[in-house]
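Tertiary structure, described
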Amino acid sequence: QVQLVESGGGLVRPGGSLRLSCAASGRDFSTGVMGWYRQAPGKQRELVATSASGGSTNYADSVKGRFTISRDNAKNTVSLQMNELKPEDTAVYYCNAKQILSPTYWGQGTQVTVSS
């Protein structure tokens, strides 16, 4: 059974930082794409950042320069360092993992709230 378990969400003030982590089990994603998506209340789920097995990364324009995605293939984990957080970053953040010709897997989500 494949599981993605996120951790690290919470409440932070504007300008603060948080680090999200996601640990995958049940399948090796070292040759696939791992990433983060988020969904704010009343909005569609959107891509935040992805990391491909070859090292390439992709970021939403709204987080470029503030967020950094990283992965540890040996541990089957992916992390998201979020700096300079803004109230509009408030959302449930979901870990995502996929390999070619396989289903897409999602974590259960972790709440990030940016508020003073």
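Heads up: these notes are all about the structure in this document. (Residues numbered from 1 in each chain as written. Predicted model: local features only at pLDDT ≥ 70, side-chain atom pairs only at ≥ 80, totals over all residues. Heavy atoms only, no water.)

**Observations concerning unusual backbone geometry**
This is how it is decided: What counts as a helix is a DSSP run of H or I of at least four residues, what counts as a strand is a run of E of at least two, and both are numbered from the N terminus. The buried label goes to any residue with under 20% of its type's maximum accessible area, the exposed label to any with over 50%, and the partly exposed label to all in between, with areas taken from a 1.4 Å probe on protein chains only.
The phi torsion at E84 lies on the positive side, around 50°, for a residue other than glycine. When you line up the elements, E84 lands in the loop between β8 (77-82) and β9 (91-98). Accessibility expressed as a relative area gives 48% for E84, which makes it partly exposed. Positive phi, close to 60°, is recorded for L101, a residue that is not glycine.

**Focus: the packing of aromatic side chains**
What counts here: Classification of ring pairs uses Phe, Tyr and Trp, with its six-membered ring standing for Trp, and accepts pairs whose centres are within 6.5 Å; under 30 degrees between planes counts as stacked, over 60 as edge-to-face, and the remaining range as tilted.
One pass over the structure, following the stated rule, counts 3 aromatic pairs. Ring centres of F29 and Y105 lie 5.8 Å apart, and the angle between their planes is 70°; this geometry places the pair in the edge-to-face category. Residue F29 is found in the loop between β3 (18-25) and β4 (33-39), and its partner Y105 is found in strand β10 (residues 104-106); the two are separated by 76 residues along the sequence. Summarising the burial analysis for this pair, F29 and Y105 share the class buried. On the numbers, 6.5 Å between centres and 85° between planes, the contact of Y94 with W106 is edge-to-face. Here the residue Y94 occupies a position in strand β9, and W106 occupies one in strand β10, the gap between them amounting to 12 residues. Note on Y94: relative accessible area 14%, which makes it buried.

**Some remarks on the side chain of R71**
Let me state the cut-off plainly: Charge counting treats Lys and Arg as positive and Asp and Glu as negative, with His and both chain ends excluded. Salt bridges are defined as contacts in which a side-chain nitrogen from Lys or Arg sits within 4 Å of a carboxyl oxygen from Asp or Glu. Contacts described as polar in this section are N or O atom pairs within 3.5 Å, which, within protein, must combine one atom able to donate a hydrogen with one able to accept it, while residues neighboring in sequence count only if both atoms come from side chains. Contact criterion: two residues are considered in contact whenever any of their non-hydrogen atoms come within 4.5 Å of each other.
Note on placement: R71 falls in strand β7 (residues 67-72). Despite its burial, R71 pairs with no opposite charge, the nearest such side chain being D28 at 6.9 Å. Reaching out from R71, the side chain makes a polar contact with the backbone oxygen of S51 at a distance of 2.6 Å. Here N73 takes part through its side chain, which lies 2.9 Å from a polar atom of the side chain of R71. Residues within four places of R71 in sequence aside, it is in contact with F29, S30, G32, V33, M34, S51, A52, S53, T77 and V78.

**Looking at the environment of V48**
By the element assignment, V48 lies in strand β5 (residues 46-51). Between the alpha carbons of V48 and G8 there is a distance of 16 Å; along the sequence they are 40 residues apart. If we skip the residues at most four places from it in the chain, V48 touches W36, Y37, R38, N58, Y59, A60, V63, F67, L80 and Y93.

**Describing the sheet that holds β8**
Threshold: DSSP-based pairing: two strands are paired if at least 2 bridges between them are found. Helix axes are fitted only over the stretch in contact, all axes being lines through C-alpha atoms; the angle between N-to-C directions runs from 0 to 180 degrees.
Spatially, 4 strands are ordered β1-β3-β8-β7 in an open sheet, and the strand pairing comes out antiparallel. Because the sheet does not close on itself, it has two edges, and the strands there are β1 (3-7) and β7. Each neighbouring strand pair of the sheet contributes to a mean axis angle of 15°, computed without reference to strand direction.

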